[in-house]
Amino acid sequence: MTWYAILGAIEQGSVYGLMVLGVYLTFRVLDFPDLTVDGSLPLGAAVSSVAITAGVNPFVSLFFALGAGFLAGMITGILNTKLKILHLLASILTMIALYSINIRIMGRPNLTLLGKPTVLDSLTGLGVPAYLAAPALFGAISIVAVAALIWFLHTELGQATLATGDNPQMITSLGVNTDMVVIMGVGLSNALVALCGALVAQNQGAADVNMGVGTIVAGLASVIIGETLFGKGGVTRPIIAALIGSIAYRLAIAFALDFRVGELAVSPSDLNLITAVIVVLALTSPQIKGKLARK
Amino acid sequence: MLNLQNIVKYFHKGGANEVLALNDLSLDIRQGDFITVIGSNGAGKTTMLNCMAGCFFPDSGTIALNDQDITGLPEFRRAKFLGRVFQDPLLGTSASLTIEQNLALADKRGQRRGFGLGVKKKDRDRFCELLKQLGLGLEDRLQACVKLLSGGQRQALTMLMATMVRPEVLLLDEHTAALDPKTGAQILELTQRIVETQRLTTLMVTHNMNQAIKLGNRLIMLHRGRVILDIAGEEKKNLSVENLLERFYSLGGADELSDRMLLS
């Protein structure tokens, strides 16, 4: 693997790290498997791209993406808590609805940003070479997001969020409206995912309605790889682990793309299969280990 | 103080499994009462407690606290004036959080939660003092994860959490039933101590007749969703298991009497 590929993996790992933090927040903290992310990632991309095309500053467009993602997550949360739809189904419904909404927002299935200003211009304008600008900027943003999330989960509200995922009966009896916590938590998660989508679109120069396919699986794989590499437990460690997991996942993907046995080479279209296998292995490895230990 | 008036609650209403859980139940809890609640399985003890706590709303009837109607108040809002300890020792604490984080959550019961730090330095000394009362050495393990504690330790912690902000009414739902006898006795002793020192109005469901007779100033027996016995004061002090059973038989509950209740 070349140095260039490693740098690319760090870039991808950092920018998708925002999405992974979102997935961590729902999947691990709130115990809410949320498939909305497959729709909120392109939502963020669409909102940001349309805003930039309309002449909005690329950084300001990120806030639009954050807001749109937050709304999308809130809808999933409301479907689940107020309308009593199973969390998984509620999130699938929002995801499907977002497909149509994203096309409405863009007016077509994809929108190019070629020749338009992006957040990366702020660095390349200073003379930073393009191949360094993206990893540096995305790395900085994801580190800020990690710090913000660690701070949040240590606040009174954050602790109530942790307890909601862990023991809703207990935290209700201590006076917390768990419905509200779930709605806000899933909203926050999808805000991060939409921010990720906006940055990805600006980085690759286009937003596409299908760019979100497989987001949840990549997110889960990253969360689980992070836990395996860096351990879980406590509040701070797993959040840092999620970002590290995201980078490790992209490195693994880059490594897999180099993989070649004779005529057989891995193509980018095989990535979803590889990711699914990684998640299955990671989820079942504790059981397999246990079985082997008992023999 | 807490007043239940003609509460009716059906489960699975209209379905094949329709159950009348609370049948026109009325109960007036007075300030300072320590009421023990007994009754056979399915008599409606837990349903009554959950109804007070707002886990569900009654089909008819009213619940009032200090003459204020709270019938429609959701569970999380009632938490402001209710302290609760559940039968399952795992239900009262958050396993993945530390002891001090759990205490800090309980310290904010019924108050707004904001962006201030969850566990503040200045709270730690107070938490230590509170934990010392338990005599379990938990004061040295503030940063230990609650999942490392035993069921008895967790139930003791829950007792503390339910009462660290003084509740107007303390609801105990068979909170020693899932523990071994020795630990159960310790939790019971702790309960008595906390209730007495804070002069808490308390409702305690129990399956143990001796406990029900020994503790508290008032005993009520539920049967088929209503209060069939309400004994207080001198009369309660002179109660024995035998004459309690006798009264239960004479009220026509003999066939419903469960083995568990006889054996306890």
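You'll find the structure just up there.
*Asks:* Explain the pattern of salt bridges to me, using residue names and the numbers behind them.
*Replies:* Taken as a whole, this structure holds 15 salt bridges over all chains when the rule is applied. Linking Lys108 of chain B and Glu156 of chain A is a salt bridge whose minimum nitrogen-to-oxygen distance equals 3.5 Å. Here Lys108 of chain B is found in the loop between helix H3 (99-107) and helix H4 (121-132), whereas its partner Glu156 of chain A is found in helix H7 (residues 156-166) on a different chain. The partner of Arg126 of chain B in a salt bridge is Asp107 of chain B, and the shortest N-O contact between them spans 2.7 Å. Of this pair, Arg126 of chain B sits in helix H4 while Asp107 of chain B is found in helix H3, placing the two residues 19 residues apart along the sequence. Three or more residues joined by partner-sharing salt bridges are found here, namely Asp107, Lys122, Asp123 and Arg126 of chain B.

*Asks:* Give me the lowdown on the packing of helix H1 (residues 3-29) of chain A against helix H10 (residues 215-230) of chain A, citing residues and values where you can.
*Replies:* Residues and elements named next belong to chain A. One can describe the packing of H1 onto H10 by two numbers: an axis separation of 9 Å at closest approach and a directional angle of 80°. Taken together, the axes of H1 and H10 are roughly perpendicular relative to one another. Within the contact between the two elements, H1 uses Met19, Val20, Val23, Tyr24, Phe27 and Arg28 and H10 uses Thr215, Ile216, Ala218, Gly219, Leu220, Ser222, Val223, Ile224 and Glu227. For the contact of H1 with H10, the residue count by class is 10 nonpolar, 3 polar and 2 charged.

*Asks:* Talk me through the environment of Thr112 of chain A; I want residue IDs and the actual numbers.
*Replies:* Residues and elements named next belong to chain A. Structurally, the position occupied by Thr112 is in strand S1 (residues 110-112). You can call Thr112 partly exposed: its relative accessible area is 45%. At 3.5 Å, the side chain of Thr112 forms a polar contact with the backbone oxygen of Gly205.

*Asks:* I'd love a proper account of the packing of aromatic side chains, names of residues and values included.
*Replies:* In total, this model carries 4 aromatic pairs over all chains according to the counting rule given. Seen from their ring centres, Phe152 of chain A and Phe115 of chain B are 6.4 Å apart, and the 50° between their planes marks the pair as tilted. You can see Phe152 of chain A sitting in helix H6 (residues 130-154) and its partner Phe115 of chain B sitting in the loop between H3 and H4, one on each of two chains. Each member of the aromatic cluster is reached from another via a ring pair, and the members are Trp151 and Phe152 of chain A together with Phe115 of chain B. The side chain of Arg237 of chain A reaches across the aromatic face of Phe230 of chain A, ending 5.7 Å from its centre. Lying over the aromatic face of Tyr16 of chain A, Arg250 of chain A brings its terminal NZ or CZ to 4.0 Å of the ring centre.

Definitions and cut-offs
- Residues numbered from 1 in each chain as written.
- Chains lettered and ligands numbered in written order.
- Predicted model: local features only at pLDDT ≥ 70, side-chain atom pairs only at ≥ 80, totals over all residues.
- Heavy atoms only, no water.
- Salt bridge = Lys/Arg side-chain N within 4 Å of Asp/Glu carboxyl O.
- Helix = DSSP H or I, 4+ residues; strand = E, 2+ residues; numbered from the N terminus.
- Axes fitted to C-alpha atoms, helices over the stretch in contact; angles between N-to-C directions.
- Parallel < 35°, antiparallel > 145°, perpendicular 65-115°, else oblique.
- Contact = heavy atoms within 4.5 Å.
- Nonpolar A, V, L, I, M, F, W, Y, C, P; charged D, E, K, R; others polar.
- Buried < 20%, exposed > 50% of the residue type's maximum accessible area, 1.4 Å probe, protein only.
- Polar contact = N/O pair within 3.5 Å; in protein donor to acceptor, adjacent residues only side chain to side chain.
- Phe/Tyr/Trp six-rings, centres within 6.5 Å; stacked < 30°, edge-to-face > 60°.
- Lys NZ or Arg CZ within 6 Å of the ring centre and 35° of its normal.

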